[in-house]
Amino acid sequence: MCGIFAYLNYLTPRTREEIIRILVNGLKRLEYRGYDSAGIAIDGCNEVNLSALEVALVLLKRKGKVAALEEEIEVAKKDLDFNVEFPTHVGIAHTRWATHGEPNWVNTHPQRSDSTGEFVVIHNGIITNYKDLKAFLMEHSYQFESETDTETIVKLMKHFYEFHKKDLRSVTFRELVEKTIQQLEGAFALAFKSSHFPGEIVVARRGSPLVIGVKSPTKLATDRFPVLFSKDHRGNTFSSIVDDLSTLAPAGEEKEVEYFFASDASAIIEHTNQVIYLEDNDIAAVSRNGKLTIHRVRTLTDIEPLSPMSREIITLKMQIQQIMKGNFPSFMQKEIYEQPESVTNTMRGRVNFEENRVLLGGIKEHMAEIRRCRRLLFIGCGTSYHSAVATRQLLEEMTELPVMVDLASDFLDRSTPVFRDDVCFFISQSGETADTLMALRYCKQRGALIVGITNTVGSSICRESHCGVHINAGPEIGVASTKAYTSQFISLVMFGLIMSEDRLSMRERYSSIISGLKKLPEQIKEVLAMDGQIHKLAEELYQQRSLLVMGRGFNYATCLEGALKIKELTYMHSEGIMAGELKHGPLALVDSAMPLIMIVTRDPVYGKCMNALQQVNARNGQPIVICNKGDEETKKHAYKVIEVPEQVDCLQGILTIIPMQLLSLHIAELRKCDVDCPRNLAKSVTVE
C-alpha cells in the first residue's frame, strides 16, 4: 500500500537539491499508494569525501502528503548546503499508508536503527512476525521509538552488524540484508541505506512489487544477467562468485550510471524506460563500484539446484504524458474522459469488426484446455470483482458452463474446493492485489489453469499466471478505478465471445454484441457530453448523508460499482441494492427524504424493474432514473432522469456506470474531498 522510491547516482554528479527533487518527484508519482506521511533519507555531510568509510545520514519526515514534506525540506535548507555536489550518492524516499501506528514523525518512514541512523529502511508491506522479533530485540536491550513493524527490520539488521563486528568478521551490506530478511515473515519490498556503506544500496522483495530503472549514457553490457544463489533451503552453500557476466554496468570505459528503485514503473518512466522487475526473494545490491547484482536465497520452489535463472532488462512502452493530468483538475476526471480511447485500446487488434472475429492472443494457446473445463471461476476485489459480476450472466449464456464469481478474501476464508479441471480468472488493475494474489497461488497449487486479467505488464499476477489478458487501459493514477473497470468489463465480454464463436445457435447474439462493441466509444462520448446535467444533479445531492442505487440483471453490477464510487470519494453512505430484493427489506428505507437512483433500461428485466420503480413511487420516493434515451414510458415515473444511449443488454452497464462515475466525482468536489486521494485508501492494496 505504501510507495517506495530510491535513487543512486554513480559517477554522475548531482547537487543535493537535484537529488532531493528526484526523490520528491518520485514520491509524487507514487502518492496514490498512500498519503498519510512521507519522508526521505540522504547523506548529511556538507563536504564530499569520496574515500570516507562512513557518512552521516539525515532524515527528513513529515505527517501528511508529499507537499507537507516539501515544507520540511525548505526548513532543512538552514542547516544543509543544497548546492553541494555528490559524484555518487544514495537517497531513499517513502510515502506511507498507515498500518501500524498513527501518522506522525516517529512512525513515518524511513525507519532508523538508532538515534544516529546507522541503518535506515523504507518498507511496503506487513511483517507478520514483528512482535516476536521485537521481543527478541528488546531482550538484547534495543529500545523502540515507533509503533511500526518496520522498525524491527532495521534494528534486526543493526543487531546482525554488531554481532559480526564483535567476531571481527567482515560482512557485506548485501549479506546483512540477506540475514535479516531470512528472519522475516509476511510481505515486503525494502530498500536499505547505511552510514557504514556509503554509495551502496540494497533492495529486496517478497510479495510486494519492486522495479529497478537503469539509466546510462552508454549501452549496458548486457540485457539479461544471471541471478546468484547464496544458499539453498537446507543451508548448503553454492558458488556465488561475482564476475562481469553476473553484474549489470555500462559497457566500455564510461562507468556513469543511475539507478532508480520504485514500487511502480510510473515513478521511473520520466528518467528511463529500461527496467528490471524483481521476483519474490530477490535481493538486488549496488556496490561502491556502481555494479548491480541480484542474489536470492534458494527456496523449495527453486526445484533444480543448478538451473540457470536470470533477470531481463525490459523496455517500457509507457509515455510520460500518460501519467500527467494534462488540462484536467484531477487524475480521476482525466481517466473518466479517457474511456472512449481506453475501451478502443482494449479492443484494438483483438476485435475484427469487418470479419466479426475476436482474438485474444494472451490465451490463444490455452483455449483448447479452457473449452474442456468443467467450471469457470472469476476472483477479484472491489471494482475488479464488480467487473466479473457485470459479465457473469453473459459468460454463463455464452459458455454454457457454471460460472462462479468470488471476492478473493472470502474465497480464501472458505478454503473453497478447487479442481484440476477448473479455470480460474484473477482480475486486478495493478496485478499486485494481495488477496487476489494469495487466491491465485491457492488455486495454482491445486492444479487449476490460471488466467490473469491485469492492467500492469510485469506485475506479480502477470508473471504467475499461465496465460492472461492485458486490458490496455493505460496507467490509472486516481485511487478510485474508472477506466480500468470498463476495460476489464470489455475484456471479459471478449472472452465470452471467443468461447461461443463456433456455436451456430449463438451466431445472432455473437454478431449483435460485436456490433455493440463497435458503437461503444462514440456512445461513451455521448454520455460524457451530459457532464453539465450530472453536475447540476450533484448540486442537489451533495449535502445528503445517504444514497441508494438500485437495479437488477446486467445493471446490478452498476449499482454495486456506483455505490462503491460514492463511498470512496464522497464519504457518504451508499448501498447498491438488487431491485428484486426491494420487498425483502430495503423498501423500509424508502421515503421522500431518501435519495435514490434506479437503473431501468430496455433489457429482459425491464418489466420487473418497472414494478420496483412503481413500488418506490407508491412510498413517496423520488427516484432519479438512469434510462435509455427516448424512453418516455419510464420517464413518466421518474423524479429526475439521466438518459443514456441504448445498447445490447450485456454492454449497457458500460454506459450506465459513467454517469455514476461523474456523479461521485462532482459530489466529492462539492464536498471539498480529494478525489484522487480519498482518505484511508490507497490504489494498490498489497496487504491482506
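Definitions and cut-offs
- Residues numbered from 1 in each chain as written.
- Predicted model: local features only at pLDDT ≥ 70, side-chain atom pairs only at ≥ 80, totals over all residues.
- Heavy atoms only, no water.
- Helix = DSSP H or I, 4+ residues; strand = E, 2+ residues; numbered from the N terminus.
- Expected span 1.5 Å × (residues − 1).
- Bend = angle between axes of the 7 residues up to and from the residue.
- Buried < 20%, exposed > 50% of the residue type's maximum accessible area, 1.4 Å probe, protein only.
- Core = buried A, V, L, I, M, F, W, Y, C linked by side-chain atoms within 4.5 Å.
- Contact = heavy atoms within 4.5 Å.
- Pairing = 2+ DSSP bridges.
- Axes fitted to C-alpha atoms, helices over the stretch in contact; angles between N-to-C directions.
- Parallel < 35°, antiparallel > 145°, perpendicular 65-115°, else oblique.
- Left-handed = near helix turned anticlockwise from the far one by under 90°.
- Nonpolar A, V, L, I, M, F, W, Y, C, P; charged D, E, K, R; others polar.
- Phe/Tyr/Trp six-rings, centres within 6.5 Å; stacked < 30°, edge-to-face > 60°.
- Lys NZ or Arg CZ within 6 Å of the ring centre and 35° of its normal.
- pLDDT = per-residue confidence, 0-100.
- Salt bridge = Lys/Arg side-chain N within 4 Å of Asp/Glu carboxyl O.
- Polar contact = N/O pair within 3.5 Å; in protein donor to acceptor, adjacent residues only side chain to side chain.

It helps to recall that an α-helix has 3.6 residues per turn; residues three or four apart then point in one direction. Helix length check: helix α14 (residues 507–528) (22 residues) gives 32 Å between terminal C-alpha atoms against 32 Å at 1.5 Å per residue, within 8%. Of all the bends found along α14, the most pronounced is centred on L520 and spans about 45 degrees, while P521, a proline, follows it within four residues. Residues R509, Y510, I513, I514, G516, L517, L520, P521, Q523, I524, V527 and L528 constitute the buried set of α14.

Soluble globular proteins tend to pack their nonpolar side chains together in the buried interior. L376, F378, F495, L497, I513 and L517 are the most contacted members of the largest nonpolar core, which totals 91 residues. Considering every element that reaches this core, the biggest residue donor is helix α13 (residues 483–500), with 11 residues. Dropping the residues within four chain positions of it, I513 is found in contact with L394, M398, V493, L497, V648, C650 and L651. Core analysis: the next-biggest nonpolar cluster, separate from the first, contains 38 residues, Y7, V84, F86 and I268 among them.

With that settled, the discussion passes to unusual backbone geometry. At the junction of H109 and P110, the peptide bond is cis and its omega measures out at 0 degrees in the coordinates. In the Ramachandran plot, S141 falls in the positive-phi region, its phi being about 75 degrees despite a non-glycine side chain. Within the secondary structure, S141 sits in the loop between α3 (130–139) and α4 (150–166). For S141, a relative accessible area of 60% puts it in the exposed group. With a phi angle near 60 degrees, K672 is a residue other than glycine that sits in the positive phi range. Tracing the backbone through its elements, the reader meets K672 in the segment after α19 (652–670).

The subject of this paragraph is the sheet that holds strand β19 (residues 314–315). Taken together, the eight strands give an open sheet; going across it, the order is β4-β3-β6-β1-β14-β11-β15-β19, and neighbouring strands pair in antiparallel fashion. Taken across any chain shown, the strands that pair with only one partner, and hence form the sheet edges, are β4 (57–63) and β19. In the sheet, strand β1 (residues 3–10) pairs with strand β6 (residues 89–96) via seven bridges, with the strands oriented antiparallel. Counted as the bridge partner of N9 is H89 from β6. Sitting on the sheet, helix α1 (residues 16–30) touches β1, β3 (37–43), β6 and β14 (257–262), and the angle it makes with β1 is about 150 degrees. Across the face of the sheet, helix α2 (residues 66–76) comes into contact with β3, β4 and β6 while running at roughly 135 degrees to β4.

As a further point, take the packing of α3 against α4. Where α3 contacts α4, the two axes come as close as 10 Å, and the packing angle between them is 40 degrees. In terms of axis orientation, α3 runs oblique to α4. By crossing handedness, the relation of α3 to α4 is classed as left-handed. Facing α3, whose interface residues are Y130, L133, K134, F136 and L137, α4 presents T152, K155, L156 and H159. Of the residues contributing to the contact of α3 with α4, the split by class is five nonpolar, two polar and two charged.

What follows deals with the packing of aromatic side chains. Tallied over the full model, the rule gives 11 aromatic pairs. Ring geometry for Y7 against F260: centres 5.0 Å apart, planes inclined by 25 degrees, an arrangement best described as stacked. Remark: F260 occurs in strand β14 and Y7 occurs in strand β1; sequence separation between them is 253 residues. An identical accessibility class is assigned to Y7 and F260; each is buried. When the ring of Y259 is compared with that of F261, the centres are 6.4 Å apart and the planes differ by 35 degrees; the resulting orientation is tilted. By relative accessible area, Y259 is classed as buried at 0%. These aromatic residues form a ring-pair network of at least three members: F119, Y161, F173 and F197. Residue placement shows K61 over the ring face of W105; its charged tip is 4.1 Å from the ring centre. The ring of Y510 has R507 lying over it, and the distance from NZ or CZ to the ring centre is 4.6 Å.

Below, the discussion takes up the confidence of the model for the chain. Mean pLDDT over the chain stands at 90; residues scoring 70 or higher make up 93%. Here residues 232–244 is a poorly scored stretch, pLDDT under 50, and it has 25 contacts once near neighbours within four places are set aside; other chains count. This stretch, residues 302–308, has a pLDDT under 50; its non-local contacts, to residues over four places away or in other chains, come to eight contacts.

A complete count under the given rule lists 40 salt bridges for this structure. Here K158 and E162 are joined by a salt bridge, their closest N and O atoms 3.0 Å apart. A residue pair is termed a helical-turn pair when its members lie 3 or 4 positions apart in one helix, as K158 and E162 do in helix α4 at four residues. K158 sits in the buried class, given a relative accessible area of 11%. The exposure class of E162 is partly exposed, given its relative accessible area of 22%. Note that R441 is salt-bridged to D280, the shortest N-O span being 3.1 Å.

For the rest of this paragraph, the subject is the environment of E335. Of note, E335 is situated in helix α6 (residues 331–337). Distance from E335 to R371, taken between C-alpha atoms, is 35 Å for residues 36 residues apart in sequence. With near-sequence residues (within four places) excluded, E335 lies in contact with P475, E476, I477, G478, T482 and K483. Only 2.7 Å separates the side chain of E335 from the backbone nitrogen of I477, close enough to count as a polar contact.

Below, the discussion takes up the side chain of S546. As for its position among the elements, S546 is in strand β27 (residues 546–551). On the basis of relative accessible area, S546 is assigned to the buried category, the value being 16%. Here the side chain of S546 touches H573 through a polar contact of 2.7 Å, side chain to side chain. The contacts of S546, once residues within four sequence positions are left out, are M572, H573, M594 and P595.

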